[in-house]
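So you can see what is in the structure, the chains are spelled out below.
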Amino acid sequence: MKLLLVEDDASMQTTLQRTFGRRQIDVRVCGDGAQAIAQWRSLEPDVVALDLSLPNLDGLQVLAQARAAGLRTPVLLLTARGTVGDRIMGLNAGADDYLPKPFDLDELEARIRALHRRNQSAGADSPARLPEVGSLRYDAENGAIYHRAEVLELTPRELALLKALMVKPGHAVSKERLFELVFPGEMDVQYEAIEVVVYRLRKKLAATGVTLMTLRGLGYLLREEK
């Protein structure tokens with residue numbers, strides 16, 4: 001597995017390279033937010049660990065630019081900012097997970113591997129063919145979901161959620177089931193985190209003619225607007 005660590009702390013760079021190198025994780029480092037996008041493109045990492053406090057360009061700006069450029073690599077935010085608002089801001093910007101500093105190296109590794117597994121299984125464990133819903137179409141070959149001829153720019157969590165809903169168009173999928181699919185095996189993630197992913201996905205579907213509806217007590221469903 002290849003990890004891009006965007007972090008300006010030289011001691012942390014060295015520690016993670018040495019420790020994770022012994023655990024079969026190839027850690028590449030970048031200490032400057034302004035250079036992160038270029039390295040992200042050239043390295044094509046499996047996971048990106050992104051610090052929020054960076055010189056020249058902060059982590060949220062890096063993340064926003066990466067998602068706008070179509071880079072959908074799973075992102076784990078590393079943050080010393082402990083408020084819920086900061087964490088939600090990061091998730092809304094396109095992050096897939098976050099870990100407050102200081103952190104335990106074993107927990108960091110576990111979260112990185114969980115993101116890698118989820119990204120690998122996003123397409124492999126889905127049905128070979130999924131129904132179309134309105135203008136949305138799933139391409140089994142590349143794992144992308146299209147709105148007409150354009151690829152929807154989705155994070156791995158958003159992609160997992162939308163695929164789960166496309167399996168049963170017009171039918172509700174429970175919040176519990178969606179949580180299992182979007183956060184597989186992540187026992188420490190708060191249950192309400194699924195609502196953040198729903199909120200982000202709903203905004204991205206706003207111009208597609210497909211609505212992500214909430215049915216109180218039943219869950220969520222996709223419905224084509226008439």
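Quick summary incoming for the structure in this document. The numbering scheme is per chain: residues are counted from 1 as the chain's sequence reads. The predicted nature of this model means local features are confined to residues of pLDDT at least 70 and side-chain atom pairs, given and counted, to a pLDDT of 80 or more, with totals for whole chains, interfaces and linings taken over all residues. In computing side-chain values, all of the structure's heavy atoms are included and hydrogens and water are not.

Thoughts on the side chain of arginine 157
Next, step 1: Secondary structure follows DSSP: runs of H or I at least 4 residues long count as helices, runs of E at least 2 residues long count as strands, and numbering of each begins at the N terminus. Tracing the backbone shows arginine 157 in helix α6 (residues 156–167).
Next, step 2: Classification of arginine 157 by relative accessible area gives buried; the value is 1%.
Next, step 3: Identification of polar contacts relies on pairs of N or O atoms within 3.5 Å, with a donor-acceptor requirement for protein atoms, meaning one able to donate a hydrogen and the other able to accept it, and with residues adjacent in sequence counted only if both atoms are side-chain atoms. A distance of 3.5 Å separates a polar side-chain atom of arginine 157 from the backbone oxygen of valine 182.
Next, step 4: In this structure, arginine 157 is in contact with Asp96, Asp97, Leu115, Arg118, Val182, Phe183, Glu186, Val197 and Arg200, ignoring residues within four places of it in sequence. Residue burial is assigned from relative accessible area. The probe radius is 1.4 Å, only protein chains are included, and a residue is buried under 20% of its type maximum, exposed over 50%, and partly exposed in between. Note on contacts: a residue pair qualifies if any of its non-hydrogen atoms lie within 4.5 Å across the two residues.

Observations regarding the pattern of salt bridges
Next, step 1: Take a side-chain nitrogen of Lys or Arg and a carboxyl oxygen of Asp or Glu: if they are within 4 Å of each other, that pair is a salt bridge. Tallying each qualifying case throughout the model produces 15 salt bridges.
Next, step 2: Across the pair glutamate 7 and lysine 101 runs a salt bridge whose closest N-O atoms are separated by 2.9 Å. With glutamate 7 in the loop between β1 (2–6) and α1 (10–21) and lysine 101 in the loop between β5 (97–100) and α5 (105–124), this pair connects stretches of sequence that are 94 residues apart.
Next, step 3: Residue classification places glutamate 7 among the buried positions, given a relative accessible area of 1%.

Concerning the sheet that holds strand β7 (residues 144–147)
Picture the strands of a sheet paired through backbone hydrogen bonds; they go either parallel or antiparallel.
Next, step 1: DSSP calls a pair of strands paired once it identifies at least 2 bridges connecting them. Spatially, the three strands line up as an open sheet ordered β6-β7-β8, and their pairing is antiparallel. Each edge of the open sheet is held by one strand with a lone partner, namely β6 (136–139) and β8 (150–151).
Next, step 2: Sheet topology places β6 next to β7; four bridges connect them, and they run antiparallel. Looking at β7, one finds that aspartate 139 is bridged to alanine 144.
Next, step 3: Between N-to-C directions, angles cover 0 to 180 degrees, with each direction set by a line fitted to C-alpha atoms, over the stretch in contact for helices. Where α6 meets the sheet, its contacts fall on β6 and β7, and the angle it forms with β6 comes to roughly 105°.

Re the side chain of glutamate 109
Next, step 1: Tracing the sequence through the fold places glutamate 109 in helix α5.
Next, step 2: Exposure remark for glutamate 109: the relative accessible area of 13% places this residue in the buried category.
Next, step 3: Side chain to side chain, glutamate 109 and arginine 23 meet in a polar contact 2.5 Å long.
Next, step 4: Residues in contact with glutamate 109, not counting those within four places in the same chain, are Phe20, Arg23 and Ile25.

With respect to the pairing of β7
Next, step 1: Along β7, one buried face is formed by Ala144 and Tyr146 and the opposite face, lined by Ile145 and His147, is buried too.
Next, step 2: With two bridges connecting them, β7 and β8 associate as antiparallel partners. The residue bridging tyrosine 146 from the neighbouring strand is valine 151, located in β8.
Next, step 3: Counting the residues in the hairpin turn of β7 and β8 gives two residues, including arginine 148, whose phi is positive at 60°.

Quick notes on the sheet that holds strand β4 (residues 75–79)
Next, step 1: The strand order across the open sheet built from five strands is β2-β1-β3-β4-β5, with neighbouring strands paired in parallel fashion. At either margin of the open sheet sits one strand with a lone partner, and together these are β2 (26–30) and β5. Each neighbouring strand pair of the sheet contributes to a mean axis angle of 20°, computed without reference to strand direction.
Next, step 2: Relative to β5, β4 runs parallel, the two sharing four bridges. From the neighbouring strand, threonine 79 faces β5, where its bridge partner is proline 100.
Next, step 3: Packing against the sheet, α1 makes contact with β1 and β2, and its axis sits at approximately 165° to β2.

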